[in-house]
Amino acid sequence: MAFIIASPSSGSGKTLLSLMLTSWAQSKNITIQPFKIGPDYLDSQLLTTTSNRPCRNLDLILSGKDWVQKSFLGYGSQSELTIVEGVMGLFDGIGPRTKGSTADIAKELKLPIVLVVDARGQAASLAALVKGFRDEDPQLHIAGVVLNKVNSKRHKVLLEEVLDSIGIEMMGSLPLDPLLNLPSKNLGLVPSHEITDIKNRINSWARFAELNLNMNAFKNLSKS
C-alpha cells in the first residue's frame, strides 16, 4: 500500500518529508516512485532527482479519474515503494470546495494519509488541530503524524503525549534545524538544477530520515 503526505496548510513540511523519504530510499538502493498532486513542477523536479525516477503528477481536475487511476497503478506498481505528496492543505480544492484536493485523491485511490504538522508554539493545542483533520471526513484514514520544526527533546515528548491521548501515532519529529530549510524563490522551491550542493543535501535528507523518522513504519506503509 502507498500513502499520501498531507498537511493542514502549505509550508508545513510536505515536500521536506517527501524529499527525506525518497533520499533515504535512494541511499538504501530501494526503488521508490513519487507522485505529486496537482500541476506543480518544481516539487516534481526535486522528487525526480531524489528518487531517480520521474515524479508523476496526479490531477483530477485536469486529467480526470480514469487517467489518475491508470497513472497511479501503472507507475506505482513498477517500484518497491510509492509515496504521494499532496497539495496545499488536505481539504483545499477549487475555491471554497474540496474538489480536486488532496483529500479527493486520497478517497479516489483509497490511500491512507500521513499528516505533517508545523509544531512550533504548540503543545495541547495539537490535539484539537489533528482531531479536526481526522474527524472532518470519515472516509479518510490518518495513519499517523509527523511533527515538523520541533524545538527540543522536551517539546517532542510533550507533543508525543498529546498525540497518544487522542490515539494518533507519531511517525517522526523533525527538529528546527537550518539544514532542513529548503531553498526557494518567488515561485516556490528553487529548481533542482540550480541547487549546487544537491548531492550533499540528498545525503543530509537521508541521514535526517534515518535519525528522526520511524522508517520501519514508513517502509511498510509505502510498499507498492
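Owing to the predicted nature of the structure, the values given are computational and were not obtained by experimental measurement.

Reading the values: rules and limits
Residues numbered from 1 in each chain as written. Predicted model: local features only at pLDDT ≥ 70, side-chain atom pairs only at ≥ 80, totals over all residues. Heavy atoms only, no water. 1 Å grid on protein atoms, 1.4 Å probe; cavity = no way out; pocket = protein on both sides within 12 Å on 5 of 7 lines; lining within 4 Å. Points joined across faces, edges and corners; volume = space filled by probe spheres on them. Helix = DSSP H or I, 4+ residues; strand = E, 2+ residues; numbered from the N terminus. Nonpolar A, V, L, I, M, F, W, Y, C, P; charged D, E, K, R; others polar. Pairing = 2+ DSSP bridges. Axes fitted to C-alpha atoms, helices over the stretch in contact; angles between N-to-C directions. Salt bridge = Lys/Arg side-chain N within 4 Å of Asp/Glu carboxyl O.

Q: Before we move on, could you go through the layout of surface pockets and cite the residues and values that matter?
A: Estimated volume of the largest pocket: approximately 540 Å³. Every element with two or more residues in the lining of the largest pocket is listed here: helix 1 (14–27), helix 2 (42–51), strand 6 (142–150), strand 8 (184–185) and strand 9 (188–189). Classifying every residue of the lining of the largest pocket gives ten nonpolar, eleven polar and seven charged.

Q: Run through the sheet that holds strand 6, naming residues and quoting values.
A: Spatially, the seven strands line up as an open sheet ordered 3-2-4-1-5-6-7, and their pairing is parallel. Strands at the two margins of the open sheet, each flanked by one partner only, are strand 3 (56–58) and strand 7 (170–175). On average, each strand axis in the sheet is inclined to that of its neighbour by 25°, with strand direction left out of account. For strand 5 (residues 113–118) and strand 6, the ladder comprises six bridges, and the chain directions are parallel. Within strand 6, the position partnered with Val-116 by the bridge is Val-146.

Q: Break down empty space enclosed by the protein for me, with residues and values.
A: This model, assessed by the stated rule, comprises one cavity of 30 Å³ or more. Along the walls of the largest cavity sit Phe-3, Leu-21, Trp-24, Ile-32, Leu-81, Ile-83, Met-215, Phe-218, Lys-219 and Ser-222, which together make up its complete lining. Mapped by element, the contributors of at least two residues to the lining of the largest cavity are helix 1, strand 4 (81–85) and helix 8 (215–221).

Q: Run through the pattern of salt bridges, naming residues and quoting values.
A: Counted according to the given criterion, the structure contains seven salt bridges. Residue Arg-120 is joined to Asp-118 by a salt bridge in which the shortest nitrogen-to-oxygen separation is 2.7 Å. The network of salt bridges with common partners includes Lys-36, Asp-43 and Glu-85.

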